[in-house]
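Results of the structural survey
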Amino acid sequence: MTKKMIIEARINEYAMRDDNPHVPWTADEIAETAARCREEGASIVHFHARNPDGSPLHGVDAYAEIIRKIRSRSDILVHPTLGWFANDDDPAGRIACVTTLACDPATRPDFAPIDTGSVNLESYDAESRSFHHGERVYINRTTTLELYARDFKRSGIKPQLVTWAVGFTRRAAAMIEMGLVDEPAWFLVNMTEGACLTGHPGTAAGLKAHLAFLPANRKVEWASNVVGGNLLELADTTARLGGHLAPGIGDHPYLELGCPRNEEVVRMAVRTARAAGREIASPQETREMLGLA
Ligand code: ZN
């Protein structure tokens, strides 16, 4: 039987509503969106806590409220962020929110991300031929990655290994070899389009360059994602290569599709996957495929 496809809905990141007005911010909006994405086929929801004005919201209570609300509405698996430009000089502090949430089964996240390297996060304006935010660096020291992996394992949280380039994948493979990350390892292949130059291009060539270096001797599942680009254009290729999909309006407003809601983007991804012969995994099937407790 052909492997089922896991759909992770990436519903908000730190996107504002200037481009797509449907980005969910509040706990109720996030829970409502998660339930609708679940109905359309998503089995995992990735979200960032936001204030009512869209600014980043931090803290255990905020995340606990969102997770409880999501779980009261559906059985979708929960994947909160660690936060944006957190201070890498305090790695334990950076994951304290997630590991504290894990102390209570009602709020324990099913997943948490580990970006397995550091990246420049400037934006490039091709029109004016200039960089903006040239100082922005997302730092993830290797000692930090080790600490995250150990603490997540202890807390019963499955890491999502976010790889932005082949070097990240190689480091993740070393972490699997070291026993820091259990198999099957769950990768997010993060490509970038538009103003963000730091990842592989969100094209079949960019994706295949990643996949060529996934550890062949390990049990691995991977999902594709395009920051700043239309992931649906890679949905058929991803489905045929045996991958999973992580679509959502958090990473791209989909202006070219008339600014759809998250659940509509999920529906389009599901349609393409099915056309390529892939049925969609339920949350329970996703648990089994990714080896969740
Ligand atoms: Zn995120």
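Residues numbered from 1 in each chain as written. Predicted model: local features only at pLDDT ≥ 70, side-chain atom pairs only at ≥ 80, totals over all residues. Heavy atoms only, no water.

This brings us to the pairing of strand 10 (residues 185-192). The buried fraction of strand 10 is high, at eight of eight residues. Neither face of strand 10 is left uncovered, since the one carrying A185, F187, V189 and M191 and the one carrying W186, L188, N190 and T192 both have all their residues buried. With four bridges connecting them, strand 9 (residues 158-163) and strand 10 associate as parallel partners. From the neighbouring strand, Q160 faces strand 10, where its bridge partner is W186. Taking the sense of rotation as the criterion, the β-α-β connection linking strand 9, helix 5 (residues 166-177) and strand 10 turns out right-handed. In this view, the connection linking strand 10 to its parallel neighbour strand 11 (residues 220-227) by way of helix 6 (residues 204-211) has right-handed handedness. (Buried < 20%, exposed > 50% of the residue type's maximum accessible area, 1.4 Å probe, protein only. Helix = DSSP H or I, 4+ residues; strand = E, 2+ residues; numbered from the N terminus. Pairing = 2+ DSSP bridges. Right-handed = clockwise from strand over helix to strand, strands pointing away.)

Here helix 2 (residues 60-73) crosses helix 3 (residues 91-101) at 45 degrees, and the two axes come no closer than 10 Å. One way to sum up the angle between helix 2 and helix 3 is to call them oblique. Of the two possible hands of crossing, helix 2 and helix 3 adopt the one that is right-handed. Contacts from V60, Y63, A64 and I67 of helix 2 reach helix 3 at C97, T100 and L101. Classifying every residue of the contact of helix 2 with helix 3 by side-chain character gives six nonpolar, one polar and no charged. (Axes fitted to C-alpha atoms, helices over the stretch in contact; angles between N-to-C directions. Parallel < 35°, antiparallel > 145°, perpendicular 65-115°, else oblique. Left-handed = near helix turned anticlockwise from the far one by under 90°. Contact = heavy atoms within 4.5 Å. Nonpolar A, V, L, I, M, F, W, Y, C, P; charged D, E, K, R; others polar.)

Soluble globular proteins tend to bury their nonpolar side chains together. Ranked by size, the top nonpolar core spans 67 residues in total, and within it I7, F47, I70, F152, V181 and F187 carry the most contacts. In this structure, F187 is in contact with L161, T163, T169, A172, I176, L214, P215, V220, E221, W222 and A223, ignoring residues within four places of it in sequence. Counting 18 residues, the second largest nonpolar core, distinct from the first, contains L77, Y138, L188 and A223. (Core = buried A, V, L, I, M, F, W, Y, C linked by side-chain atoms within 4.5 Å.)

Here we take up the coordination of the zinc ion. Angles at a metal have ideal values that depend on geometry: 109.5 degrees with four tetrahedral donors, 90 or 180 degrees with six octahedral donors. Distances from the zinc ion to its protein donors, E13 (OE), E13 (OE), H46 (NE2) and H48 (NE2), fall at 2.1 to 2.5 Å. In this structure, the zinc ion is coordinated by four donor atoms arranged in irregular fashion, with angles at the metal of 53 to 135 degrees. Between the donor residues of the zinc ion, the gaps in sequence give the motif E-x32-H-x1-H. Exposure class is identical for H46 and H48. Each is buried. (Donors = N, O, S within 2.8 Å, 3.2 Å for Na, K, Ca; no water. Tetrahedral: all angles 85-135°; square planar, octahedral: opposite > 155°, others 65-115°.)

On to the sheet that holds strand 3 (residues 77-80). Ordered in space as 1-2-3, the three strands form an open sheet in which the pairing is parallel. Every other strand in the sheet has two partners, leaving strand 1 (8-10) and strand 3 as the edge strands with one partner each. The sheet shows a mean angle of 20 degrees between the axes of neighbouring strands, direction not considered. As judged from the three bridges shared by strand 1 and strand 2 (residues 44-47), these two strands associate in the parallel manner. Residue pairing in the sheet places R10 in a bridge with H46 of strand 2.

Position of K69 relative to the elements: it lies in helix 2. When the C-alpha atoms of K69 and D182 are compared, they prove to be 29 Å apart, with 113 residues separating the residues in sequence. Those residues within four positions of K69 in sequence are excluded, and the remaining contacts are A27, D28 and A31. In this structure the side chain of K69 is engaged in a polar contact, spanning 3.0 Å, whose partner is the side chain of D28. (Polar contact = N/O pair within 3.5 Å; in protein donor to acceptor, adjacent residues only side chain to side chain.)

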